[in-house]
Amino acid sequence: MFRCGWYSLRSSHGVVGGSGASWAYYFPQFAARVCPFSSKDGGDEPPPITESGSGTTSTTTGSKKFVRNATILVQQGCDIQELPVVVRKIAEDEFVSFVSNKIITAPPATSSSSTGEITIPSDLQAALESDKEIIKSIDGCHSTKGVLSLLAEREADESGAGGFGPAVAIRALEKILKVESLLELKELEETEPFERIVNCIVFHADSKAILDMLDELRSYLELPKTIDMMGNELVYRCSENALSIEECCDAIEVLTQCRRPEMVEKFWSGIADQEKSITERNVHFVFSSLPYLKVSRRAVLTVLERRIPQLWWQMSPSVTIEVLQALVACKLSPYRVIHALARWLNTNIHAVAEDELGAILEAFTNLAYSDAQIERAIERYVKAKGVKISSQNLIVTILRHCEEFRLRNAHILNGCCEFFIANFNQLEPSYLKALFCPFGYLDFVPTNATKFFDTLNMFLDLHFAKIRPTDTIDIMFAYVCLERFPLNFVNRIFNPYFLDVLHAKTRPERLDAVRGKLKVFDTGLTLECADYDGPLLPRDHSAKAVFHDGRIKRIINYITTELEELAGGPECMTKYSVLQHLPVNSLYLVDVIFHPSGLGNIFSLNTMKERNINVAILVQLPEYFDSTGKYLIGPQVMRIRHLRRLGLKVVTLRFDVLYKLKIHPQELRDRVIKSPAEIEVLRYVARVSSDAHKAVMKAMAPGMHEYQAEAEFLRHSYAVGGCRHVSYTCICGAGTNSAILHYGHAGSPNDCAIRDGDMCLFDMGANYGGYAADITCSFPANGKFTDDQKLIYNAVLAARDAVCGAAREGVSWVDMHLLANRVMLEELRKGQLLQGDVDEMMEAGLNAIFQPHGLGHFLGLDVHDVGGYLPGCPERSSKAGVNRLRTARTLKAGMYLTIEPGCYFIEPLLNKAYADPTMSKFLVKENLDRFRNFGGVRIEDDVLITKTGIENFTLVPRTVDEIEAWMAK
């Protein structure tokens, strides 16, 4: 067995072979150095070699015989292969395997001792002149009989060099093939004169001549014996390393065309033995031979994988293209090879012509390979050339590569956009789909979007009839993905003639997909475009099979228990459904829907009235994101938009994260620990919400309505921060409304006028990418605090500051809640609203009178995020005040919560306290009565728990002086 490389097995009786050139014929003294083996597996002897100038012949007897179809086991690392090999029998039960690494050189030529110049003996010169004469005579023959007669005369010639050389034999065979019919050639092959001609070529011609002869014999497969003899001769020469790398590759190609696959597989050893002879000038020949190999392809590829890292930097563009095209033909993408070629492209991109770059990128695309080096190379090329690129085929190839590998590279796509704008009048209409659809698929709006879409609309309008109907539908689908609405083409598309042509010219297997895109186009315009008079297509009423990826189904089934807990029970969750307002299409298949219990049937969901009540959960596969994993592709972005348009909250789960969490199921349940990526999103949405609150504070003035404050927050969040949605209904309470904890609902929709002197409590948070912010600011409408407002505000602020200073990993959230209550009651006692011992007040439950809610809650994908009371966590307390906490857990680093202490003067609760002797003794009635119409104050921050404290993501004015200074600007 061979291990870790190619080894040679040789006997002491091994023959040292020569080049097989015509020197052996003309110099019998070298005959012993020429491989005198038979081209027949039976071990036939070569024909007699006649000595020059004599009538006798000395026959060199071939004592070597060969074994047909021998194989060896070759191991390289962990890879073991069984490969064909040439084995020669040299004695009874003694064999030698020719897998050699020794290069056998041609016999030395005679040279002058003084000058070193090669001298041709006079007898050889005479023989060559004689060969020229007979070749000229053969060219003048018009029949096989004439050719054979000339050869017979040459063999019987006693005056000169008897017999004929390989050059004469080759010309004679070429003439015979030209003048004889196939049937006559088949009969002629069995005759002795024909066999002598073939034997002369086999035993005395050089390898190049045999290869050329075999190339000609491709059209004469009816001569199997002749082809076999020449093919076997090449195999044996390969086993002795008498063939160069190029000749081995040529032999593989020509013998494949001659239908000799068994012979072809034996040339691997010649390539492997000459690994170091593979250079940047011939490496493409070896790669081009790979498609012809089956059994030994992997062995040759292993050699190339070792060699290509040493050669790639010297390769020319044409060689690189041939290497890639050979890999495409084999459907192989060995990492070391294609990685080296990608590196070559990035290194030599400045020296690559447009057609060469197109061929290289097309090959990489067909090999399903792309990496950062290829992306960088394309980016550099587009930056350097830009609109100077002349080939629209190259732009199409670049965009196809970007679409195939989801390369959402702004430099590349903007460059292609500028090319389209500059050269649209020279473009073929058939290329429009390839030029535009990648933008929709990648959800990329170019920087020069206005000019781009104007040009696109104009081009499409001019050439609408020249574009295939299926391409038109794909273009319309891309429009909707980018949230663009081509209303000027609606009448043309929903025209009966266009639809008839579409169905007639679409292949049956593609028809359902095209119809699906047309329905999505209709649905998208209906949901998102106010000027669209749709839907124009009927709803799907018949049952249809919808494809659903098995990976999503398996992961949903795996986490069903956790999902049911989040939903509130199995009756509150439905899996794998399509809403009644949407077409039956796999794009609109919702993986899980959370809904109120007792729904009965998913089709009874009234999403238009029940907005932001139902939650759609979508599992996003890796291929739904771009190559960086940051951005969703266009169809998925559109899917989320449409579901939100229907009034659903949308939560996305990454499949790769869920799959990894299968190994750690506890982490799957503990969503309260935020990942670094989630923290960055939460930091961003908190900053946007903070800035929006500050904008509201600046705009505030007595006489405004509460909904105007809400409108300003929504405007700033969307226009400045890019947050299209809020995390919950905005709470904008002024005056006594500020004491209503969840004010702003449909029954009290922020519709009251704000009066001078009112205390405003605005609880609002933006939403970005599904992640929520929840921030509350309290301030006077006129920008100046009264003494009473300062008293209550500072009491709440002191409670908030105390918690922010004490919260860290390992601290109980219950303790934080009690700390906030205790500090606030102490401040109210100092303000002479309360009297007595604070601990006794806490024991009596007075803290729940002034703060009838918990200190805060988890925040993340939902404003009141999950994870508060899970199995194995502390249970909810029954104690007054504490029983309203949304969690009783011990804090951990990575948790994200709100800290929102508050103080409210709620009439029913105050009356309850006055009526309870255990609490009324702490109340200073004459001072409290002036606060009965005060309302309330709440200060709410979004904070990240760390091992040593917190990180506060909320950035708004908090102290009295800061608020007054900000509102005075």
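From a predicted model like this one, the values you see are computed outputs, not experimental measurements.

As a further point, take the pairing of strand 17 (residues 896-899). Of the two faces of strand 17, the one lined by Tyr 896 and Thr 898 and the one lined by Leu 897 and Ile 899 are each fully buried. Relative to strand 20 (residues 941-945), strand 17 is paired through 4 bridges, and the arrangement is antiparallel. Considered in strand 20, the bridge of Tyr 896 is made with Leu 944.

This part covers the pattern of salt bridges. On inspection of all chains with the given rule, the structure shows 42 salt bridges. In this structure, Arg 641 and Glu 483 form a salt bridge, with 3.8 Å as the shortest nitrogen-oxygen distance. Of this pair, Arg 641 sits in helix 28 (residues 634-645) while Glu 483 sits in the loop between helix 22 (469-481) and helix 23 (490-493); the two residues are 158 residues apart in sequence, bridging distant segments of the chain. On the accessibility criterion, Arg 641 (9% relative accessible area) is buried.

Here the focus is the confidence of the model for the protein. Per-residue confidence for the protein gives a mean pLDDT of 85, with 85% of residues at or over 70. Note that residues 1-64 has pLDDT below 50 and, in this model, 142 contacts with residues that lie over four places away or in other chains. Low pLDDT, under 50, characterises residues 98-116; the predicted model gives this stretch 48 contacts beyond four residues in sequence or across chains.

Moving on, we get to the layout of surface pockets. When its volume is computed, the second largest pocket comes out at roughly 1,100 Å³. Forming the boundary of the second largest pocket are 40 residues, of which Phe 477, Lys 517, Asn 585, Ser 586 and Leu 587 lie nearest the centre. When contributions to the lining of the second largest pocket are tallied by element, the ones reaching two or more residues are helix 20 (432-441), helix 22, helix 25 (508-528) and helix 28. Across the lining of the second largest pocket, the residue classes tally to 20 nonpolar, 7 polar and 13 charged.

Attention now goes to the packing of helix 6 (residues 192-204) against helix 8 (residues 224-239). The contact between helix 6 and helix 8 brings their axes to 10 Å, and the two run at 15°. When the axis of helix 6 is compared with that of helix 8, the two are roughly parallel. Viewed along their axes, helix 6 and helix 8 form a crossing whose handedness is right-handed. For the pair formed by helix 6 and helix 8, the contact residues are Phe 194, Glu 195, Val 198, Asn 199, Ile 201, Val 202 and Phe 203 on the first element and Lys 225, Thr 226, Met 229, Met 230, Glu 233 and Arg 237 on the second. Broken down by class, the residue content of the contact of helix 6 with helix 8 amounts to 7 nonpolar, 2 polar and 4 charged.

Definitions and cut-offs
Residues numbered from 1 in each chain as written. Predicted model: local features only at pLDDT ≥ 70, side-chain atom pairs only at ≥ 80, totals over all residues. Heavy atoms only, no water. Buried < 20%, exposed > 50% of the residue type's maximum accessible area, 1.4 Å probe, protein only. Helix = DSSP H or I, 4+ residues; strand = E, 2+ residues; numbered from the N terminus. Pairing = 2+ DSSP bridges. Salt bridge = Lys/Arg side-chain N within 4 Å of Asp/Glu carboxyl O. pLDDT = per-residue confidence, 0-100. Contact = heavy atoms within 4.5 Å. 1 Å grid on protein atoms, 1.4 Å probe; cavity = no way out; pocket = protein on both sides within 12 Å on 5 of 7 lines; lining within 4 Å. Points joined across faces, edges and corners; volume = space filled by probe spheres on them. Nonpolar A, V, L, I, M, F, W, Y, C, P; charged D, E, K, R; others polar. Axes fitted to C-alpha atoms, helices over the stretch in contact; angles between N-to-C directions. Parallel < 35°, antiparallel > 145°, perpendicular 65-115°, else oblique. Left-handed = near helix turned anticlockwise from the far one by under 90°.

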